[in-house]
Amino acid sequence: MSDPLLRIKNLKTWLGSKDNPVKAVDGVDLEIRKGETFALLGESGCGKSMTALTMMRLLPTSGRILDGSVMLGDTDILSLPEASMRSERGGRMGMIFQEPNTSLNPVLTIGDQIAESVKVHAGAVKSEINSIVVDLLKAVGIPDPERRVREYPHQLSGGMKQRVMIAIALAGKPELLIADEPTTALDVTIQAQVLRLLKDLQQETGMAIMLITHDLGVVSEVADRIAVMYAGQIIEVATREEFFNDPKHPYSRKLFESLPGKARRGQPLAVIEGTVPALNQEFKGCRFADRCEEVMDMCHNQIPVWSEIGEAQGIRCHLHNMDVVPVANIRKPVVQQPEEINKKPSTPLLSVDDLKVHFPIQKGVLRRTVGHVKAVDGVSMDITTGHTLALVGESGCGKTTVGKGILQLIRPTAGSAIFDGNELTELKGEALRKRRSDMQIIFQDPMASMNPRMLVGDIIAEGMQAQRIGNNRQERSERVNDLLSKVGLSVDAAKRYPHEFSGGQRQRICVARALAVEPMLIVCDEPTSALDVSVQAQILNLLKQLQDDLDLSYLFITHDISVVAYLAHEVAVMYLGRIVERGTVQEVLESPQHPYTKALLSAVPVVDQDSKRQVIHLEGDMPSPADPPAGCHFHPRCPEAVPECQQAYPQQVQLSDTRTVSCIKLS
Amino acid sequence: MPQFVVLWTDALIFLLLFMAVGFGLYAARKEHLRDPWRSVVESKVGVGTMVVLLFYVTIGLLDSIHYHPTLAEEEQSNGVTHASEVISLFDQMVTPLRVRQEKTYSAPLATHQYAKETIELPDGTQIRDFPRLLHGGAHLQRPEQEWLPDILRSVAIGTIKGGLLTLVVINILIMFSSIGTECGYGGQAKRMLLGQTAIPWRVVLLTLGVLLVLLTVSAELSLKYHLLGTDKVGEDVFYQALKSIRTGLMIGTLTTLVMLPAAILLGIMAGFFRGWVDDIIQYLYTTLNSIPGVLLIAAAILMLQIYMSNHADQFNSLLERADMRLLFLCIILGVTSWTGLCRLLRGESIKLREVDYVQAATAFGVGNFQIILRHILPNVLHIVLITVVLDFSGLVLAEAVLSYVNIGVDPTMNSWGNMINSARLEMAREPIVWWSLMAALMFMFTLVLSANLFSDVVRDAFDPRLRSSSR
C-alpha cells in the first residue's frame, strides 16, 4: 500500500443560512493514493461536487467548512493562508469541470489561457512559455498545436475545449487532478477519447485522478478505487473488482439493478423508490433507510457507523455489522431470453419518407441566403402501432430536429410524413391543430418543459382545453386526477407548482400531460438523460407499462445505448442528418454493420466487467451540417474508409426485411 | 355639496390606482408573484422607502380630487352656489397656506419682507425699510425679541404633538397586526419593537415617527410663518413644493401607463412571431429611437400650445388647460420611452418561444394568443415591473429638466421643474433667493432617492439571476 497523497478526515461543509443549514458534506473520510484513479460516485445532490470544491477551497459564499481536515501530502489545505492556497490550486491540485463551454473565456485565445496557468505555476521564462504551451497542447492530443494556440474557444469543438481545460490543469504539473463530471456534457465517442487521454496522461505523469461522476460505465472503465457517496456521506469504498463483482451496500446493489440493458428486456427495472433526502435535516438513522428494501428497525433510529472491511475498503450499513447475509442475492439477474419481437406486417402508424429540414444561413443587410444547415437530410422510417423506434446518434446529428419535424413544430423543407393516413406536412391551420392530439412530445429537461408560473393541474389540463377534451372544468380536473394516479403521483399534486417536485416526478407530470390528449405516438426526446440512474429506471418502467396498456408507439430519441437495448424494438442510427443504419434492435446491437454504428457501440462504457471489448476510437469530431464532407459523410473519421468513399453518398443496402445500411462496403 | 370636477389626469391616476390594487389582489393568489413581494417587505430599505413613498402618494392622491367649493352663505347670489375656481381636497386641507399671500419675496420663517420698501409711518414720514409681512409672524409684537422663543415653542409643541400622534398610530398598527396572532397585544408589541418579526416593523415605525413629527412641526410653524419663505409674487414656497408632488407623481406614473400597452404588445409580438412582424416593429422602434427625444417633446408641446391658444373656448379654466398639457407631456414622454422596454421584451420572448413548454403547448395545438397570454406574458412580467419602478425616478427628473427648458408642464402649474426654472433668475439676484431652489431640490431628492432605493430592492427581489445567486 503506497502512502496516501490526499487524506480527508471528517470533513463537514454546510451551506446556506445558520438556522437551516444544508449539510452538503457531512463527515467524509477518504484517502487517495499516488497515481491511482479514485472515483466518487453518486446521484446528483449527494455532495460530490461540494466535496471537491471544499478540497480546492472554492466554496460558494454561503458555504462554510465546519470541521475536518484535508491533507495533501504533508500540507494541511484547510489551514493554509489564502495566498499560499493560490499556488496549491492549479499547482499541486488541478481541476477540470463538467461544462467546457463555460470554463473558457471566450475573448482570449486558448494559447493565452494556457499561458496564464503556465506563468503562475511553472514559473517559466517569458521566451519559454510559448513552447511550453505548444507542448501541453501536444500532450493533450490537439492536432496542429502551433496554429491552435492562436484560436479562440468558439473555434473549437466541445471535446477540444475539454482537452484545453485538461492542458490548463496540467500546466501546474498537478499531483492530483480533480475531474468533476469531465465527460458528462460530451458524446460517447468524444467521451471515449477524453477518458483515454486522462488514462494516458496518468501513466505518463503519475498523477492521481479524482473522478467525480454518476456514470457507472465510466467508473468501470477507468477507476481503480470507488467511493459511493449518498446524502453527504461516503457509504461504501471498494476496489473496482470488489465493487463490480460484489457491491456490499444495498444502495450500490440497487444502482446496478436499476441499470437498463439488454439483459433486462421485458422485465421491469428495479427502482429505488423516492429521492435523496433533503440534507437540511437531522438524521436519526441510516440516510438510505427510507428507500432501502432490506431495511430493519434499527436502521430508522440508529446511525450506522463506518466499518472497515479488509484493506482500505469499508461500508456504512447495519447489515454488515450484523453479519447478515443479504436476504436474496438478486444482483445477478437471470439473463432472460429477450422476448421475440413480433414482426407484425401491419401498415405503419407513421411513415416518414425522405424528410428534410434545412435551415437557411442568412448573411448581410439584405439577409441573402448563402447556404443551408442540413440538419435533417433525407430521413426515412416507419413506426408501427405499439412499437418503439429508437433514434440514436451523437448530439448535433439532427435527432431532435427529426422529432420536431414529424410533429410539425418545425416545418420540414421537403419529404413526407404520413401519419394514420394523413400527410402531415400538408396539414394546415385547424386541421393540423386537431391532428396534434394524436402526436405528443416529452422533452429532455422536465423543468424547462413546464411553465413555472402554472399549477400542475393547469399544465396537464392545457392540452385537453386546447383539444376540447372534457366539456367543463369539473370533467377535466377529474381526468387530471386519473392521469396523475396513472403516472404514480398523488392527486394533490394538481394543486402544486412544478418546482415543488423532484426531477423524476416532474418527468412523470410531463408524461401525464402528453397522455392527456390520448395520443397514439409520443416522441420521447431524451426523456431520461437529465435524470439519475435510479430515477431513470422509474421513468423507463412507466413508459414501458404505458405502452403495454395503451398500445402507444414511441419515437425514442436518445444517445444512451443501454436504454435502447432495454426499451426499443427497432433502432435507427443517425449521423449528420442521415440514417446510416436501421434494423431491429437485435440486428443492430448484436451485429452492427456500419462502421459508425460499430464505433458508437464500442465507445459506450459498459459496466459488465466480463465483456472485454475493443474500443474503436474515432478521431476528430462530427463535421458541421452546414458543410458536410463530400461522399459518405462519415469517411473522414471512418477507420475502414477507402478512397471510393469520397465519391458519392453510398446507396442504401437492404440486408433483410427490416434492415438497411448505407455503406459502400456492403453494396 | 361641492361640485366635483374630474380632470383627465385625475381619472387616469385613479384608474392606475385601481389597476395596481387589482394586480395586488391577483398577485396575492400567485405564489411566484407573492414570494418576491414578500422579500421586498422583509427588507429594511424596502419598507422604509415604502413609507416615504406612501406619504408622497397620499398627498398626490388628495391633490387629485378636484371640485368647485361651495360658497359661503353670504357670498351666494342669484343661484350661484359654487365658486368658479377649482380646488383640490388637498388645497382645502392647507387653505391657510394657499390664501396667505405676501407681496413679494420673504425668507423662510421671516417676519419681514426680503426687499426694502418705502413705508409710510403713522406720523406721515416716509422711510425705506423692510416692511413687516402680512401673515408671517404677524402675531408678534416685537419680533426682534419674541421671534426665536416663538419658533422654539412652536417646534416643541409640534414635536410633542407629533410624538403623541406617532404613539397613537403605532398602537393602532400593533393592535391590527396582533389580530390573529396568539401572542396578543403585549407579545406582538414586544416582538415588533425588538425587531423579531419577519417584516421589519421597527423600521416602519421609526420612519413613520420621523415623518409624522416633521409633519406636525411644519404644520405648527406654517400656521404662523412661511416655513420655506415666499416667492416673487408672495406665494408660499412650502405650498408650491407640496403641490408639485402631484405633478411629479403624474409624470412618473401616467407615462408608464401610456407606454406599457405599446411596449408589451409590440415587444412580445416581435419576439414571438418573428418574420415580417418582427422586422416592422424593429424598424419602428429603431427609427423612433434615433429621433432625439427632446426634439420630439418640444415639437409636440409647441403644437399643443398653438392648438390651445386657437381653441381657447374648449377649456373652461386655466387648470384644465394646464392639465391637458400635463397629459400630453405624459403621452409624448411615453411615446419616446417605450422602446427600451419593448426591446427587452422582444429579446425575452425570442428566448421563451423556444422554451420547451411553449413547444409543448404548440404540440397541443394551443392557439398563439393563448400561448402569449398564458406562457409568455406571465414570464416577462418581472421585467415589466422592474422597468416601471426603475423608470419612475428617471421620469420625475426628466420633468424637472424639461420644465427648465420651457417645454415641460404649463408655467401656471406647480412643479419642481418650474420652481427650479424660476430660481434661475432668483439665483442671479443680489442678495440671492435660495429657498425656492432648495425646497424643490429637497422634495424631489427625497422622492427620487426613496424611489431609487425602493426600485433596487424590487429588482433584487424579482430578477431571477440575482435571486438564484443569493440563495
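First, a word on what this report is: a plain description of the structure on this page.

1. Points about the sheet that holds strand E20 (residues 553–558) of chain A
All names here are of chain A. As summarised here, the arrangement of the 8 strands in space is E18-E19-E20-E15-E21-E22-E24-E23, forming an open sheet in which the pairing is mixed. Strand pairing shows two members of the sheet lacking a second neighbour, strand E18 (439–442) and strand E23 (653–654), which therefore form its edges. Each of strand E15 (388–392), E18, strand E19 (521–525), E20 and strand E21 (570–575) is contacted by helix H14 (residues 399–406), which is oriented at about 150° to E20, the strand it contacts most. In the packing of helix H18 (residues 503–515) onto the sheet, contacts are made with E18 and E19, and the angle to E18 comes to roughly 170°.

2. Focus: the packing of helix H16 (residues 456–467) of chain A against helix H17 (residues 473–486) of chain A
Residues and elements named next belong to chain A. Two elements in contact, H16 and H17, have axes whose closest approach is 10 Å; the angle formed by their N-to-C orientations is 115°. The handedness of the crossing between H16 and H17 comes out as right-handed. Taken together, the residues of H17 that come into contact with H16 (itself represented by Gly457, Ile460, Ala461, Met464 and Gln465) are Arg476, Arg479, Val480, Leu483 and Leu484. Here the residues of the contact of H16 with H17 are counted per class, giving 6 nonpolar, 2 polar and 2 charged.

3. Quick look at the interface of chain A and chain B
Facing 26 residues of chain A, the contacting portion of chain B comprises 20 residues. Regarding the contact of chain A and chain B, the summed buried area is about 2,100 Å², with carbon and sulfur atoms giving 53% of it. The closest approach of N and O atoms between A:Glu462 and B:Arg374, which form a salt bridge, is 2.9 Å. Where chain A packs against chain B, one counts 12 residue pairs in polar contact (both at pLDDT 80 or more). Those elements that place two or more of their residues in the side of chain A that touches chain B are E18, H16 and H18 of chain A.

4. Some remarks on the environment of B:Leu344
All names here are of chain B. Position of Leu344 among the secondary structure elements: in helix H12 (residues 318–353). When its relative accessible area of 47% is taken as the criterion, Leu344 is described as partly exposed. As for Leu344 and Gly271, which are separated by 73 residues in sequence, their C-alpha atoms are 9.8 Å apart. When sequence neighbours within four positions are dropped, the list of residues in contact with Leu344 reads Ile383 and Thr387.

5. Some details on the pattern of salt bridges
Residues and elements named next belong to chain A. Inspection of every chain in the model, using the stated rule, returns 41 salt bridges over all chains. Notably, a salt bridge pairs Glu518 with Arg479, separated by 3.8 Å at the nearest N-O pair. Taken as a pair, Glu518 in the loop between H18 and E19 and Arg479 in helix H17 lie far apart in primary sequence, 39 residues in all. For Arg659, the salt bridge identified is with Glu581, shortest N-O distance 2.2 Å. Highlighted residues: Arg659 in the loop between E23 and strand E24 (660–661) and Glu581 in strand E22 (residues 578–584), separated in sequence by 78 residues. You can call Glu581 buried: its relative accessible area is 0%. It is possible to trace a salt-bridge network through shared partners that takes in Asp144, Arg147, Arg148 and Glu151.

6. Let's talk about empty space enclosed by the protein
Residue and element names in this part refer to chain A. Applying the stated criterion across every chain yields a total of 6 cavities of 30 Å³ or more. What the largest cavity holds in volume is close to 80 Å³. Looking at the largest cavity, it is lined by 13 residues, and the ones nearest its centre are Pro595, Cys632, Cys638, Cys645 and Cys663. Residues belonging to the lining of the largest cavity are distributed by class as follows: 9 nonpolar, 2 polar and 2 charged.

Conventions we followed
Residues numbered from 1 in each chain as written. Chains lettered and ligands numbered in written order. Predicted model: local features only at pLDDT ≥ 70, side-chain atom pairs only at ≥ 80, totals over all residues. Heavy atoms only, no water. Pairing = 2+ DSSP bridges. Helix = DSSP H or I, 4+ residues; strand = E, 2+ residues; numbered from the N terminus. Contact = heavy atoms within 4.5 Å. Axes fitted to C-alpha atoms, helices over the stretch in contact; angles between N-to-C directions. Left-handed = near helix turned anticlockwise from the far one by under 90°. Nonpolar A, V, L, I, M, F, W, Y, C, P; charged D, E, K, R; others polar. Buried area = accessible area lost by both parts, 1.4 Å probe. Salt bridge = Lys/Arg side-chain N within 4 Å of Asp/Glu carboxyl O. Polar contact = N/O pair within 3.5 Å; in protein donor to acceptor, adjacent residues only side chain to side chain. Buried < 20%, exposed > 50% of the residue type's maximum accessible area, 1.4 Å probe, protein only. 1 Å grid on protein atoms, 1.4 Å probe; cavity = no way out; pocket = protein on both sides within 12 Å on 5 of 7 lines; lining within 4 Å. Points joined across faces, edges and corners; volume = space filled by probe spheres on them.

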